[in-house]
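# Per-entry structural report
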Amino acid sequence: MNAQGNSAGNEQHLPLDTRLPAMLRSGQRLRGVFNGIPSPALVEMCAYAGFDFIIIDNEHGSADLQTTEHMLRAARASGVPAIVRCLEQDISRNLDMGASGLMIPMVNTAAHAARLVQRVRYPQAGGGGGGGGGGGGGQRGSAFSTRAAGYGAFGGPAHTQRSNAGIALVVMVETPEAVANAGAIAAVPGVDAVFIGPNDLAHSMGHENRWTDAPVQQAIEQALRAIAAAGNCPGILALTHQDEARYAESGARYFANVTTGLISQALRDAAQGGPSPIRY
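Values in this document were obtained by computation on a predicted structure and should not be read as measured data.

With that out of the way, let us pick up the side chain of Glu174. Residue placement: Glu174 occurs in the loop between strand S5 (168-173) and helix H8 (176-180). If we ignore the near neighbours within four places in the chain, the residues touching Glu174 are Pro105, Met106, Gly197, Asp200, Leu201 and Ser204.

And the structure:
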């Protein structure tokens, strides 16, 4: 039997990890981490630490496409779903490299979110876009020679259906306009989670980087509640257990920390004697 024939019973061996949409719909609290450092080893470290997902940050990080592909391999090998935060011009290539999901910044309207759903989903016979909740006919370009399709080993209709159902789309709310439209954005079929970017939101509201200011926190809570009321998965940056607990009260259940902050704090602690020894 050829590789494509074997694929149905060996999902764990496919390049594409398709668990993320179901995880986002599960209602369970999920913890992940942004990583802008171009290092497959660091991806593995995050997986072995126990994070539910990792976000390869190619909006602000420095990884090129080849390194991103290696980071996706590391995530698949170590068993953690990998989202790539990317700019819109890089959607197709990150999907073809095998991202488990995409996170797209600065989505202000439901119409914008709907266009992104089309770009993430393949067209299918009958016009169905598939995906977590549908999304209509997709417009993603088809090429089955890519890593996501096993370089042709797992291509064709099975790959199309697997991708449409198993790749997550996370859109980011980062402006007052987006906060006002958060419920409508979250209601777009094919949007699997809506993540609030507190730093950009604070800047767009005139608070510089002070996203703990009361007006910014009120906007964050408003958006989280609207996303949850729409039946979607609300996400937010949570740098402390206290942040996570506070935002969970507004419905958040998709939380992300940042590797650079965690590493920098650990290094500062170690330089000062450290709160506890590292065990190898």
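Now that the structure is up, let's keep going.
Moving on, we get to unusual backbone geometry. In the Ramachandran plot, Tyr151 falls in the positive-phi region, its phi being about 55° despite a non-glycine side chain. Backbone geometry at Glu208 places phi at a positive 50°, although glycine is not the residue there. Locating Glu208 in the fold gives a position in the loop between helix H10 (198-204) and helix H11 (214-229).

Helix length check: H11, at 16 residues, gives a terminal C-alpha distance of 22 Å against a target of 22 Å (1.5 Å per residue), a fit within 8%. Among all positions of H11, only Val216, Gln217, Ala219, Ile220, Ala223, Leu224 and Ile227 are buried. The buried residues of H11 all sit within an arc of 160° when viewed along its axis, so they share a single face. Across from the buried face of H11, at angles greater than 90 degrees, the exposed residues are Gln218 and Ala229. On its buried face, H11 is in contact with H8, helix H9 (182-186), strand S6 (193-196), H10, strand S7 (234-237) and helix H12 (241-248). Of the residues one or two after H11, Gly231 is the one with positive phi, at around 85°.

What counts as what
Residues numbered from 1 in each chain as written. Predicted model: local features only at pLDDT ≥ 70, side-chain atom pairs only at ≥ 80, totals over all residues. Heavy atoms only, no water. Helix = DSSP H or I, 4+ residues; strand = E, 2+ residues; numbered from the N terminus. Contact = heavy atoms within 4.5 Å. Expected span 1.5 Å × (residues − 1). Buried < 20%, exposed > 50% of the residue type's maximum accessible area, 1.4 Å probe, protein only. Arc of directions from axis to C-beta.

Honestly, that's just the spatial picture; any functional story needs more than this.
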